[in-house]
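Each chain, written out:
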Amino acid sequence: MIYVPVVAALLVTLALLLARAFLGPNVFDRALAANAVGTVAMLLLAVIEFYTGRPGFTDLALVYGLLNILGTVAVLKFFRVGDLGEPGEKEEEAA
Amino acid sequence: MTIVELAASVLMGLGGLFCVVGAVGMLRMPDFYTRMHAASVIETLGAGLVIAGLMLLGGLTLESAKLAILALLIFFASPTATHALARAAHVRGLEPVLDKDTRE
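Caption draft 1: Representation of the interface of chain B and chain A. Each partner contributes to the interface: chain B provides 40 residues, whereas chain A provides 37 residues. The set of elements that each furnish at least two residues to the side of chain B that touches chain A consists of α1 (3–28), α2 (32–58) and α3 (62–91) of chain B. It is α3 of chain B that provides the largest number of residues to the side of chain B that touches chain A, a total of 16 residues. Counted by class, the side of chain B that touches chain A contains 30 nonpolar, five polar and five charged residues.

Caption draft 2: The arrangement of the confidence of the model for chain A in detail. Taken over all residues, the pLDDT of chain A has a mean of 83, while the share at 70 or more is 83%. Averaged over each element, pLDDT in chain A is lowest for helix α4 (residues 90–94) of chain A (50) and highest for helix α1 (residues 3–23) of chain A (93).

Caption draft 3: Local environment of the nonpolar core. Judged by nonpolar contacts, the single largest core of 51 residues is most densely connected at L43, A46 and V47 of chain A together with V50, L54 and L85 of chain B. Of all the secondary structure elements, the ones that give two or more residues to this core are α1, α2 (27–52) and α3 (57–81) of chain A together with α1, α2 and α3 of chain B. Leaving out residues up to four positions away in the same chain, L85 of chain B has contacts with F28, A31, L32 and L76 of chain A together with M36 of chain B.

Caption draft 4: Local environment of the packing of α1 of chain A against α1 of chain B. Orientation of α1 of chain A relative to α1 of chain B, taken along the N-to-C sense of each, is 15°, at an axis distance of 9 Å. Of the possible angle classes, the one that applies to α1 of chain A and α1 of chain B is roughly parallel. By crossing handedness, the relation of α1 of chain A to α1 of chain B is classed as left-handed. Contacts between α1 of chain A and α1 of chain B involve P5, V6, A9, L10, V12, T13, L16, L17, A19 and R20 of chain A on the former and, on the latter, M12, G13, G16, L17, C19, V20, A23, V24, M26 and L27 of chain B.

Cut-offs applied
Residues numbered from 1 in each chain as written. Chains lettered and ligands numbered in written order. Predicted model: local features only at pLDDT ≥ 70, side-chain atom pairs only at ≥ 80, totals over all residues. Contact = placed C-beta atoms within 7 Å. Helix = DSSP H or I, 4+ residues; strand = E, 2+ residues; numbered from the N terminus. Nonpolar A, V, L, I, M, F, W, Y, C, P; charged D, E, K, R; others polar. pLDDT = per-residue confidence, 0-100. Core = buried A, V, L, I, M, F, W, Y, C linked by C-beta atoms within 7 Å. Buried ≥ 20, exposed ≤ 12 C-beta atoms within 10 Å, placed from the backbone. Axes fitted to C-alpha atoms, helices over the stretch in contact; angles between N-to-C directions. Parallel < 35°, antiparallel > 145°, perpendicular 65-115°, else oblique. Left-handed = near helix turned anticlockwise from the far one by under 90°.

Right under this line is the structure:
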């Protein structure tokens, strides 16, 4: 079947994205690479479920995706505002 | 190999190919905003084609329903994350690399 080439392609993708995450000149490149790694990991979990036939991996992929979006937004807010507890954005309060 | 398995293989193979292409783009592109453009290939075409192939293999089962929810999650979450990333980078003053300066 097609599973082994697809898993290989997804692993190559993960390796390239990790290279970008290590090389990334600033924090936004690293956050972008981490977000893409999360997406590819969800795909990898879904393919592995069909490859091995064991149920439950899709649920893991769903939880991973939810944590991924939360983590990305939290990291971005931290590096943009400087504080996770800060309520909001000054330019929108002024407008 | 039935016709459904063949179609699923083609879809998943194309999806894996697009994932690799997007990752190569993320390594090779010159600045952050173009890298974001390359990353969106992974999240739209790569994820969409792989999940479509898996749903063809799964048929009308609970697994396919979970995969549809996964596709919806990627469909809504990844543009949101990309928008937040671009906005955060723009607010922090990250300039795009331009070929020649067109701002007068």
